[in-house]
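# Fold and contact review
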Amino acid sequence: MKLIEKTSLLILLPALLACTVEDPKDSTPKAKCYNYFSASASAAEVGADGGTVFLLINSNVPWQISADRGLAPDVREGSGNGFVNITVPENPSFDTRSFSYSVSTEEELDVDDPEQWTVFGSKLDFRLVQAGMEKKFQVDKSQFNLPSSSVSASLLLTTNLDYQIRLAEEGLAFETVDDGPLRHLINFSFPANRNPETVTYHAEIVPEDESLEPIQIVITQAAFKILVLECTNAANFRYVNAAGDTLSLPARTNSIYPTLQAVDFWLKGKEEYVFNGAVANWAKTLSAARNTPVKLPSIDGYVLGEVDVTYSYSTSSRTYSVVDSEGKVLGSCSRTRADSDSGTVTKIDLTGLVAVGTELSLVCNSEMCVQFILTYAGI
């Protein structure tokens, strides 16, 4: 009889040590099943621009992912160790918001409970806080000190807020050009200053959010002053030759251009205002080969505002252009010898087109034979 009891006990012992029982809800103590399940997230906070949170799953059982609407896990289920990328969208609001997501399993798992040892299923919950958008409201420039000839000023406003632009003075206008959701190019316009005093314009960029200060824009035009160089007689130009002698420009001949070298030259008595070019004197007009630029003086404190082509020696029409250092044409006019009596407009207006420090040249589409007047505006 005792032998039979011992044998029965040996048969029942493996069953007591098994991981599963016929009734999972049976409260009978169980042995460990050696199943495990845990997870950790790379972050609990994310910025307004959104991004990716990484969920590391440490497990040897199947699992499932659930997430709030808006979150985008790259997988929804798996088994064993896993690595889940959860994409967080951009927050279009200024308010903080939060998301919840979880990973769960329905499998039997070990627990640290000597009375129980295992449980069926586990759910791990995570919460993610996302910051609201940062309020942006700034300009790249708010103060402008411009030549009297300037007629425009531009700035870049970076903002994600609604705003208004208020103008303080008559004569000041603006237009805006959107360059994306945050970038707004604001172009102010105003007349050239022809007064002997400075002129100042004020504008205010006002955000809809009253917690932010408006941005004050100040545009100042210099007092109007001019400097005139009358280049109406090429016999008045001087240059220094290779021997160091100061001479008048050489006379133009049919074969002179291949022999000419570009030199600095100036009007007699105005040595501080320097021209440069391969030039000659042709019947008191400044002569240069076709499409050969003649560099005009750059004068500190002034910008070139007008070139008046007063005379062309040619009887046929020739086009005279002012170009920058890259060859861009800023203004042109055409004239013949007879235009002096016809009332043809032969002034090249550069008002508002020339930036401070820009190198300019005069060029002709045929052989140059020109007299002209340069008018510079003070800055």
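This report concerns the structure included in the present document.

Criteria and thresholds
Residues numbered from 1 in each chain as written. Predicted model: local features only at pLDDT ≥ 70, side-chain atom pairs only at ≥ 80, totals over all residues. Heavy atoms only, no water. Phe/Tyr/Trp six-rings, centres within 6.5 Å; stacked < 30°, edge-to-face > 60°. Helix = DSSP H or I, 4+ residues; strand = E, 2+ residues; numbered from the N terminus. Buried < 20%, exposed > 50% of the residue type's maximum accessible area, 1.4 Å probe, protein only. Lys NZ or Arg CZ within 6 Å of the ring centre and 35° of its normal. Pairing = 2+ DSSP bridges. Axes fitted to C-alpha atoms, helices over the stretch in contact; angles between N-to-C directions. Salt bridge = Lys/Arg side-chain N within 4 Å of Asp/Glu carboxyl O. 1 Å grid on protein atoms, 1.4 Å probe; cavity = no way out; pocket = protein on both sides within 12 Å on 5 of 7 lines; lining within 4 Å. Points joined across faces, edges and corners; volume = space filled by probe spheres on them. Nonpolar A, V, L, I, M, F, W, Y, C, P; charged D, E, K, R; others polar.

### A word on the packing of aromatic side chains
- Counting across every chain of the model gives eight aromatic pairs.
- Measuring from ring centre to ring centre gives 5.5 Å for Phe190 and Tyr201, while their planes differ by 25°; the resulting arrangement is stacked. A residue pair is termed long-range when its members are at least 10 positions apart, and Phe190 in the loop between strand E15 (183–189) and strand E16 (199–207) and Tyr201 in strand E16 qualify at eleven residues.
- For Phe190, a relative accessible area of 5% puts it in the buried group.
- Arranged with centres 5.2 Å apart and planes meeting at 85°, the rings of Phe237 and Phe265 form a pair that is edge-to-face. Note that Phe237 is positioned in strand E19 (residues 237–240) and Phe265 in strand E21 (residues 263–267), a separation of 28 residues in sequence.
- Connected via pairs of aromatic rings, a cluster forms that spans Phe237, Phe265 and Phe275.
- For Arg252, the ring lying beneath its charged end belongs to Trp282, and the centroid distance is 4.1 Å.
- The ring of Tyr313 carries Arg337 above its face, with NZ or CZ at 4.6 Å from the centroid.

### Observations regarding the sheet that holds strand E14 (residues 173–178)
- Spatial ordering of the open sheet is given by E10-E12-E15-E14, a layout of four strands whose pairing is antiparallel. The open sheet terminates on both sides in strands that have one partner only, identified here as strand E10 (137–139) and E14. Going from strand to strand, the sheet's axes swing by 25° on average, the running direction of each strand aside.
- Relative to strand E12 (residues 152–159), E10 runs antiparallel, the two being bridged by three bridges. Residue pairing across strands places Gln138 opposite Thr158, the latter belonging to E12.

### Here's the deal with the pairing of strand E8 (residues 97–110)
- One ladder, built from four bridges, connects strand E4 (residues 62–67) with E8; its direction is antiparallel. When the bridges of E8 are listed, Ile65 appears paired with Val103.
- Across twelve bridges, E8 lies against strand E9 (residues 118–130) in antiparallel orientation. Looking at E9, one finds that Glu108 is bridged to Phe120.

### As for the sheet that holds strand E6 (residues 77–79)
- Within the open sheet, the five strands sit side by side as E2-E9-E8-E4-E6. Their pairing is mixed. Each edge of the open sheet is held by one strand with a lone partner, namely strand E2 (45–46) and E6.

### Considering the environment of Val46
- Mapped onto the secondary structure, Val46 falls in strand E2.
- For the pair Val46 and Asn291, spaced 245 residues apart in sequence, the C-alpha separation works out to 62 Å.

### Considerations on unusual backbone geometry
- The phi dihedral of Ala283 is positive, around 55°, even though this residue is not glycine.
- The topology assignment puts Ala283 in the loop between strand E23 (280–282) and strand E24 (285–288).
- For Ala283, a relative accessible area of 44% puts it in the partly exposed group.
- Here the phi dihedral of Asn291 falls at roughly 60°; this positive angle occurs in a residue that is not glycine.
- Turning to its location among the elements, Asn291 is positioned in the loop between E24 and strand E25 (294–295).
- Judged by relative accessible area, which is 44%, Asn291 ranks as partly exposed.

### Description of the pattern of salt bridges
- Counted by the stated rule, this structure contains six salt bridges.
- Taking the shortest distance from any N to any O, the salt bridge between Lys295 and Glu359 comes out at 3.7 Å. Separated by 64 residues along the polypeptide, Lys295 in strand E25 and Glu359 in the loop between strand E29 (347–349) and strand E30 (360–364) bring together distant segments of the chain.
- For Glu359, a relative accessible area of 41% translates into the label partly exposed.

### Some thoughts on the layout of surface pockets
- The computed volume of the largest pocket comes to approximately 210 Å³.
- In terms of lining, the largest pocket is formed by 17 residues, of which the most central are Ser298, Ile299, Tyr302, Gly357 and Thr358.
- With three residues, strand E26 (residues 302–312) is the single largest residue contributor to the lining of the largest pocket.
- Along the lines of polarity and charge, the residues of the lining of the largest pocket split into twelve nonpolar, four polar and one charged.

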